[in-house]
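Breakdown of the fold
Chain residues, written in single-letter form:
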Amino acid sequence: MKKTSVYSFLLFIFLLVIWEVTSKSYSELVLPAPSVIVLTLVDGLLSGYFTQHIQRTAAEVILGLFFGGVAGFTVGVLMGEVAFLRKLLFPYIIASQAVPKLALAPLFILWFGFGMTSKVVITALVCFFPLLENTVTAIQLSDIQKQELFKMLGATRLQTLIHLKIPSGMLGILAGLRVSVVLAIVGAVVGEFIGGSEGLGALIIATQAMMDTALMFATLILLTIFGMILYLTVSWLEKMWMKRLKKEI
Amino acid sequence: MKKTSVYSFLLFIFLLVIWEVTSKSYSELVLPAPSVIVLTLVDGLLSGYFTQHIQRTAAEVILGLFFGGVAGFTVGVLMGEVAFLRKLLFPYIIASQAVPKLALAPLFILWFGFGMTSKVVITALVCFFPLLENTVTAIQLSDIQKQELFKMLGATRLQTLIHLKIPSGMLGILAGLRVSVVLAIVGAVVGEFIGGSEGLGALIIATQAMMDTALMFATLILLTIFGMILYLTVSWLEKMWMKRLKKEI
Amino acid sequence: KEEGSNEKESFAQLTVALWSQPITESVNLLVDDEKGFFKEKGIDLKVIPGAGGGDAIKNILSGQADIAFTDPGSLYFALDKGEKLKVIYNIYPQNVFNIVALKESGIEKPEDLKGKTIGVYSLTSGTRQNLLILLHQVGLTEDDVKIVETGISNFAPLIQGQVDATAATDTGLYLAKQKGLGDVNIIEVRDYLNIPSDVFVVTEKTYEEKKEELKRFVAAYRESAQWMLENPEEAAKLAKEFAIDGKDENINLEIIKLRNASSVSEDTEIKGLGAIDADVLQKGADTYQQLGLVNNQLDMSQVVTEEFLEVEQ
Amino acid sequence: MSFLVMEDVTYSYEQGKNQILRGISWEINKGEFHCLLGKSGCGKTTLLKLAAGLLSSENGSIRLQGKEVIKPLPNCSFVFQTPTLLEWKTVIENVLLPIKLKRKIRSEDMEQAMEYLELVGLASYRDCYPLQLSGGQQSRVALARALMQKPSLLFLDEPFAALDAITREELQDDLLRMCYMHNITVLFITHDIAEAVYLSDRVAVMAHGEIVYQTPIMLERPRRMEMRYEPYFNELCFTLRQVMNGERL
Amino acid sequence: MSFLVMEDVTYSYEQGKNQILRGISWEINKGEFHCLLGKSGCGKTTLLKLAAGLLSSENGSIRLQGKEVIKPLPNCSFVFQTPTLLEWKTVIENVLLPIKLKRKIRSEDMEQAMEYLELVGLASYRDCYPLQLSGGQQSRVALARALMQKPSLLFLDEPFAALDAITREELQDDLLRMCYMHNITVLFITHDIAEAVYLSDRVAVMAHGEIVYQTPIMLERPRRMEMRYEPYFNELCFTLRQVMNGERL
Ligand SMILES: Nc1ncnc2c1ncn2[C@@H]1O[C@H](COP(=O)(O)OP(=O)(O)OP(=O)(O)O)[C@@H](O)[C@H]1O
Ligand SMILES: Nc1ncnc2c1ncn2[C@@H]1O[C@H](COP(=O)(O)OP(=O)(O)OP(=O)(O)O)[C@@H](O)[C@H]1O
Ligand SMILES: Cc1ncc(C[n+]2csc(CCO)c2C)c(N)n1
Ligand SMILES: [Mg+2]
Ligand SMILES: [Mg+2]
């Protein structure tokens, strides 16, 4: 296991070196060198330039993830359970997902104002779908034999859900959540693209107008790190769950 | 089943009526009435105004979906099988997903040119991840007992994959594919946002600046229909698979 | 401060919808907490961001804002759709757009662009519209050149040689030069058709209902613009705190100087800052119509109002 | 008065296709222990599931204490042919499941569960997960779980099939004692003729979806080890064997 | 010369924790039929998996025809304690699986598979899916599949546990015939003492991970029904019973 991290790290260094060398033959506008980017990043972090933007985006992502996640899971469970709802709602849900949020942004702003709300809504919408899809599928997958057991035990629908369907579909649900957390960041950033004066997404737009490519890359690195933290959190949850299942990894 | 479609349709009509009524109190630039939108849509379709844009976007989506899907599935299988690869590559894959493609768009254009390639690349990148995540999870989930059976039958790794792991994880993989196809459209549209003179995404941008909101909504409807067609195709695949599994639905 | 809260009640809430994020070049709108241009006039100013001039207009149409900080192109489009709008102030009477080509390309005047590949931000950006205007002035059309959408960092393809020329703004050109853009030839659009870059637009309804407040707003904005003209260093310093792109004070200063230059014209020397030239706006509208960008004949004299520009006392 | 009454019960898994059960009638009085014998695939499990309300019959009626059985009743308990444990719960949690679905677990429940685990000889495995148990151990956990419900009617589908002769005989005696103590009515499926005779008050033999033979067992209660070697016992076994073989009808 | 040799085999599932197998040595000659008896949980399945190369021992060695067993060998076949069929394949496809993993299916293979299905009495179920079979039918399909491999060494883990006496005895005779015809070496787990005696050349009794008793069975081959009622047969059964009960060591 230790060896893997070493390789992963070596690969990372290797990519960085290639990048550094390549960047020499390009204008800083096109491809800034990693060294320059890191300097910009450290500088921005130390001077507090990033602070308010990081806070803002983090708040949006976390709120959006919370609402979108809870909604995706709940609706997923309901639709997995009730075939009627599934058939009734799926067209609307696919529609709501297939529509590019960015294009609807002006409408969101119209409905939810300029503040954080509109971005939280977009984020929630974006991370709603993967969790919903996986929950619906996972909920329906559970073993028929075990379902008969629960029928026999006189379990209510809710109990069957809590004690059978959700636990047995947990890994699938967590796979959906992993996709969701990563998309949540994209959602928040895209939300900030359209009409934000604060947050890392707004900063990216600003850096483009400023033609400060190094600062843009630094911002992207911050976003990536944030994404990885969220992703690893879900992976950790999964590991905890697997531990419950078998004592091995 | 018939009843559900009736309810679904009634709900649709209800939503339309609410919209029509609401739109009366807004400027057409802000919220056009559904009747106006439908007129614009029909008009655009009949006059052939949409044709080239639809073709362009469809081509991008299908190509992107193909490359992204094949890559997501293949890499998912590899990472599900080889723990080393999983640990080595995941940071890079999360990174590639957490980065907002829109911000990198100018770079994509530099790398892949002004034509369709850059949009196909973005689309592929976007639909790569959900399929990958679900494939990795589904591949690892298969029954231990059945794995022992395959070991006993002297099956090679590839055979175990083809005859056991992929079929038993099929439903999970299809759930990922459903998320992917829907995201593919978003990817293509976002790709066209940045710099495209053709395609439904470019059309949306054009309508936005020209403030032809009705045309924008008509374009969004086309995109939504396209998304639903793709989604239903995957659902149909799933139904076929389920039929193989048990003769019931 | 007891009276403070009392005073607040007589304060007029006004919201300005920007075409962009709160950026350095509009710093005079952002520093009211510090400088109080608007507060002194009894205005509680709020600024909301947008992505393009179209957003700004939509935001006033939907009631999210009272005043739009927008370009004439977006104004023409909205008027073309039958919206009732009024132009109350000319923010930048100078056209800030230009076409930039590398020295070695030999492009020196608009006619040289024939057959060349030219980069623009996007299909609907100001860069494309102004490129079309320029071409139109010398009798060329879109079909005589190859326009490519390069995305927002449009100088990169120019440096990389993927395009022969790129359409940009004065500030964009300045920044690109900072980033190592070599010797270039510049064709200024203002030399061919000097339509304003940005104007303040309100809906007819707001115009009727909030005359008093609008008058105070225009006066306050004028003061703030005057301040920026007179104190570019101070403005550059404040931009560091108040503008999202104000990271580097020296760059801020240069940008502010550029904007100051585009805020004044022969007209403003005479009539004061914000003077609107209805004729040139009309010319712009006609050009847009000839280019097929708008369908209807627009009458700008109906749209322009100079009643808030009269200097008091 | 009869406790459980089946009258002319017919069933087929696929509507209209071949009938699995054909006009079966059967009665069990309160506190009686009945066994079903029959060749593999003759429909024993199907009949048990019908009686338990897990399936519903096409024709005929099934009544428990005079009331039609349309869904599983709370005072009935079922041990399936395969153990059907929840892999993500420990042995003790699995045994406590029926209680957990009803109310909060009290310390008496815990004690009771441990008592049953003791009975099936698995007290020391309380904190193991099902996948860590041998096949026979799993089926014993399933039995303990069924007893936890304190049923008045118990359905057992080959619960001892995976057990060695010794463990099996011990459990047979334990089961009989339990049922006598709590006056539990039992319907038991086995393929072991001696087991059927030893346990039951009445034995039925099924073939091709019909009850082709039945006999009361006139052995003293409580049963004792030695009875297995009595001539009457052996005679009964021999007769039943012949019936199952289709030799005597 | 010995065909399969186990020497001082030790195993525990969790490193360092309690040993499941403790220093087991055993030899089987080519063509012999050996049975393992033992109480539930004594380690029979574990030993079989070790011998088959599914698990690898900590100490000691397992050799097949002189070669160390480190992974499952192609000439070995294993019938698991639970049937382990692939739910998405029909009965005939399940039986043909071992062939399919080796090469294209020929019409001879099809005939061969139908022959084995005939043997286990399930020819008419060839196009059913596993979930449509009764418990006993499933385990018979698993047996047919194992035979399809034409193994020279066959591991059977309670293959007849879910079968009624009649079907079981028929299959016992069929199995013996098959093994004799093809000179198949068999290691068989059962909890039915009579079955062990009837089938084997040698019976071993396990307890707590050790072989505590072994005896050759001196019955004529081919076995005949009547042998079950000979005094020698009953004596052997009685002795084994006592050993299992811990009474005679
Ligand atoms: N995967 C596992 N992890 C940990 N412990 C296990 C595992 N499988 C079995 N055991 C333990 O090993 C012991 C022997 O198990 P094994 O399956 O070999 O028994 P068995 O003799 O086959 O029993 P049965 O007749 O009930 O099938 C049991 O006590 C069981 O709890
Ligand atoms: N879900 C199902 N769908 C279709 N047919 C089924 C289904 N379950 C069982 N059958 C068929 O019904 C018949 C009776 O099955 P059942 O499980 O009742 O047999 P059983 O007597 O319990 O056999 P065993 O002793 O082998 O468990 C079998 O022929 C089987 O093929
Ligand atoms: C000084 C100044 N520079 C750039 C723009 C941007 N812009 C000009 S036209 C147009 C297209 C319509 O939105 C855009 C985005 C501006 N308004 N003012
Ligand atoms: Mg059965
Ligand atoms: Mg076992």
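Residues numbered from 1 in each chain as written. Chains lettered and ligands numbered in written order. Predicted model: local features only at pLDDT ≥ 70, side-chain atom pairs only at ≥ 80, totals over all residues. Heavy atoms only, no water.

Where an unreviewed UniProt entry is consulted, chain D appears under the name NitT/TauT family transport system ATP-binding protein, with the organism given as Ureibacillus thermosphaericus.

In the nomenclature of an unreviewed UniProt entry, chain A is known as NitT/TauT family transport system permease protein of Ureibacillus thermosphaericus. The annotation that UniProt attaches to chain A under Sequence similarities (unreviewed entry) is "Belongs to the binding-protein-dependent transport system permease family." Regarding chain A, the relevant UniProt record gives this comment under Subcellular location (unreviewed entry): "Cell membrane". (UniProt positions renumbered as here; feature names shortened; annotations may be inferred.)

Relative to chain A, chain B is turned by 180° and slid 0.1 Å along the rotation axis, the superposed coordinates differing by an RMSD of 0.2 Å. Overall, the copies show the geometry of a two-fold rotation axis. Taking the C-alpha atom as reference, chain B places glycine 172 of chain B closest to the rotation axis, 3.6 Å from it. Residue by residue, 96% of the interface of chain B is reproduced at the interface of chain A, so both copies engage with the same surface. (Least-squares fit on C-alpha atoms with pLDDT ≥ 70 in both. Contact = heavy atoms within 4.5 Å.)

With that settled, the discussion passes to the interface of chain B and chain A. Counting from both sides, the interface comprises 57 residues of chain B and, opposite them, 55 residues of chain A. Contact between chain B and chain A buries roughly 5,000 Å² in total, counting both sides, with carbon and sulfur atoms accounting for 79%. Where chain B meets chain A, there are 2 salt bridges. When the shortest N-O distance is used, the salt bridge between glutamate 133 of chain A and arginine 178 of chain B registers 2.6 Å. Looking at side-chain class alone, the side of chain B that touches chain A contains 45 nonpolar, 8 polar and 4 charged residues. (Buried area = accessible area lost by both parts, 1.4 Å probe. Salt bridge = Lys/Arg side-chain N within 4 Å of Asp/Glu carboxyl O. Nonpolar A, V, L, I, M, F, W, Y, C, P; charged D, E, K, R; others polar.)

It is worth spelling out the site of ligand 2 at this point. Surveying the vicinity of ligand 2 reveals 19 residues, the closest of which are Lys44, Thr45 and Thr46 of chain D together with Ser134 and Gly136 of chain E. Nearby residues around ligand 2 are contributed by chains D and E. Here an oxygen atom of ligand 2 and a backbone polar atom of glycine 41 of chain D are 2.8 Å apart. Between cysteine 42 of chain D and ligand 2, the recorded distance is 3.3 Å, taken from a backbone N or O atom to an oxygen atom. The fraction of the free accessible surface of ligand 2 (640 Å²) that becomes covered by protein chains is 88%. Elements that contribute at least two residues to the shell around ligand 2 include exactly α1 (44-52) of chain D together with α4 (135-148) of chain E. Residues that form the shell around ligand 2 fall into these classes: 6 nonpolar, 11 polar and 2 charged. (Near = heavy atom within 4 Å. Polar contact = N/O pair within 3.5 Å; in protein donor to acceptor, adjacent residues only side chain to side chain. Areas by Shrake-Rupley, 256 points an atom, 1.4 Å probe, with all protein chains shown as cover. Helix = DSSP H or I, 4+ residues; strand = E, 2+ residues; numbered from the N terminus.)

Residue and element names in this part refer to chain D. Around the magnesium ion (ligand 4), the protein supplies Thr45 (OG1) and Gln81 (OE1) as donor atoms, at distances of 1.9 to 2.3 Å. With threonine 45 in helix α1 and glutamine 81 in the loop between β6 (76-79) and α2 (91-100), this pair connects stretches of sequence that are 36 residues apart. Classification of threonine 45 by relative accessible area gives partly exposed; the value is 21%. (Donors = N, O, S within 2.8 Å, 3.2 Å for Na, K, Ca; no water. Buried < 20%, exposed > 50% of the residue type's maximum accessible area, 1.4 Å probe, protein only.)

As a further point, take the coordination of the magnesium ion (ligand 5). Taken together, Thr45 of chain E (OG1) and Gln81 of chain E (OE1) make up the full set of protein donors to the magnesium ion (ligand 5), lying 1.9 to 2.3 Å away. The class of glutamine 81 of chain E is partly exposed, set by a relative accessible area of 25%.

In this section: the pairing of strand β4 (residues 59-64) of chain D. Residues and elements named next belong to chain D. As defined by bridge partners, strand β1 (residues 2-11) adjoins β4 across 5 bridges and the pair is classed as antiparallel. Across the sheet, the residue bridging to leucine 4 is leucine 64, located in β4. When β4 meets strand β5 (residues 67-68), the two strands line up antiparallel, connected through 2 bridges. Considered in β5, the bridge of arginine 63 is made with glutamate 68. The loop that links β4 with its antiparallel partner β5 comprises 2 residues; one of these, glutamine 65, has a positive phi angle of about 50°. (Pairing = 2+ DSSP bridges.)

This part is about the pairing of strand β1 (residues 2-11) of chain E. Residues and elements named next belong to chain E. Counting buried positions along β1 gives 8 out of 10 residues, so the element sits mostly inside the fold. Note: β1 against strand β2 (residues 21-29), 6 bridges, orientation antiparallel. Bridged to valine 5 within β2 is glutamate 27.

Secondary-structure assignment places valine 186 of chain B in helix α8 (residues 157-195). Judged by relative accessible area, which is 19%, valine 186 of chain B ranks as buried. Taking the C-alpha atoms as reference, valine 186 of chain B lies 11 Å from leucine 220 of chain B; in sequence the two are 34 residues apart. Dropping the residues within four chain positions of it, valine 186 of chain B is found in contact with Gln97 and Ala98 of chain A.

With that settled, the discussion passes to the nonpolar core. Of all hydrophobic cores here, the largest spans 190 residues; its most connected members are Tyr89, Phe200 and Phe217 of chain C. In contact with phenylalanine 200 of chain C, not counting residues within four places along its chain, are Val16, Leu29, Ile67, Ala68, Phe69, Lys86, Val87, Ile88, Tyr89, Ile91, Phe217 and Tyr221 of chain C. Listed in part, the 56 residues of the second largest apolar core include Val141, Leu171, Val205 and Leu240 of chain D. (Core = buried A, V, L, I, M, F, W, Y, C linked by side-chain atoms within 4.5 Å.)

What follows deals with the interface of chain E and chain B. Taken residue by residue, the interface counts 28 residues in chain E and 19 residues in chain B. Summing both partners gives a buried area of about 2,200 Å² for chain E against chain B, and 64% of it is carried by carbon and sulfur. A per-residue breakdown of the area chain E buries against chain B is headed by Trp88, Leu101 and Tyr129 of chain E, which together make up 33% of the total. Viewed at the interface, chain B and chain E are joined by 2 salt bridges. The residue glutamate 148 of chain B makes a salt bridge to lysine 49 of chain E at a minimum N-O spacing of 3.0 Å. Elements with a contribution of two residues or more to the side of chain E that touches chain B: α1 (44-52), β6 (76-79) and α2 (91-100) of chain E.

A few words now on the environment of threonine 207 of chain A. All names here are of chain A. Mapped onto the fold, threonine 207 is located in helix α9 (residues 200-210). Spatially, the C-alpha atoms of threonine 207 and threonine 219 are 9.0 Å apart, while their sequence positions differ by 12 residues. Setting aside chain neighbours within four positions, we find threonine 207 in contact with Asp212, Leu215, Met216 and Thr219.

The next point concerns the site of ligand 1. Taken together, 19 residues form the shell around ligand 1, and within it Ser134 and Gly136 of chain D together with Thr45, Thr46 and Gln81 of chain E come nearest. Close to ligand 1, residues of chains D and E are found. Within the backbone of lysine 44 of chain E, one N or O atom sits 2.7 Å away from an oxygen atom of ligand 1. Considering ligand 1 on its own, with 640 Å² of exposed area, one finds that the protein chains cover 88% of that surface. The set of elements that each furnish at least two residues to the shell around ligand 1 consists of α4 (135-148) of chain D together with α1 of chain E.

Right, let's talk about the confidence of the model for chain D for a bit. Predicted coordinates in regions of low pLDDT should not be interpreted in detail. Of the residues in chain D, 99% have a pLDDT of 70 or more, and the chain-wide mean is 89. Model confidence for the complex is summarised by a pTM of 0.87, with the ipTM given as 0.86. (pLDDT = per-residue confidence, 0-100.)

All names here are of chain B. According to the stated counting rule, one finds 9 cavities of 30 Å³ or more in the structure shown. Broken down by element, the residue count for the lining of the largest cavity peaks at 5 residues, all from α8. Split into classes, the residues belonging to the lining of the largest cavity amount to 18 nonpolar, 4 polar and 2 charged. (1 Å grid on protein atoms, 1.4 Å probe; cavity = no way out; pocket = protein on both sides within 12 Å on 5 of 7 lines; lining within 4 Å. Points joined across faces, edges and corners; volume = space filled by probe spheres on them.)

This part takes up the sheet that holds strand β4 (residues 85-92) of chain C. All names here are of chain C. Here we have 5 strands laid out as an open sheet, ordered β2-β1-β3-β10-β4, and mixed in their pairing. Looking at which strands have only one partner, the edges of the open sheet turn out to be β2 (43-48) and β4. Averaged over all adjacent pairs, the angle separating strand axes in this sheet is 25°, with direction ignored. Direction of pairing for strand β1 (residues 12-17) relative to β2: parallel, over a ladder of 6 bridges. Considered in β2, the bridge of threonine 15 is made with lysine 46. (Axes fitted to C-alpha atoms, helices over the stretch in contact; angles between N-to-C directions.)

Attention shifts here to unusual backbone geometry. In the segment running from arginine 221 of chain D into proline 222 of chain D, the intervening peptide bond is cis, with an omega of -10°. Along the chain, proline 222 of chain D turns up in the loop between β10 (210-216) and α7 (231-244). Its identity as a non-glycine residue notwithstanding, asparagine 183 of chain E has a phi of 55°, on the positive side. Mapped onto the fold, asparagine 183 of chain E is located in the loop between α5 (165-182) and β8 (185-189). Positive phi, close to 50°, is recorded for histidine 208 of chain E, a residue that is not glycine. Its location among the elements puts histidine 208 of chain E in the loop between β9 (202-207) and β10 (210-216).

The interface with the highest contact count, out of 8 pairs of chains in contact, is the one between chains A and B. Here chain C and chain D are not in contact; the least distance found between their C-alpha atoms is 51 Å. Chain C makes no contact with chain E; the smallest distance between any of their C-alpha atoms is 50 Å.

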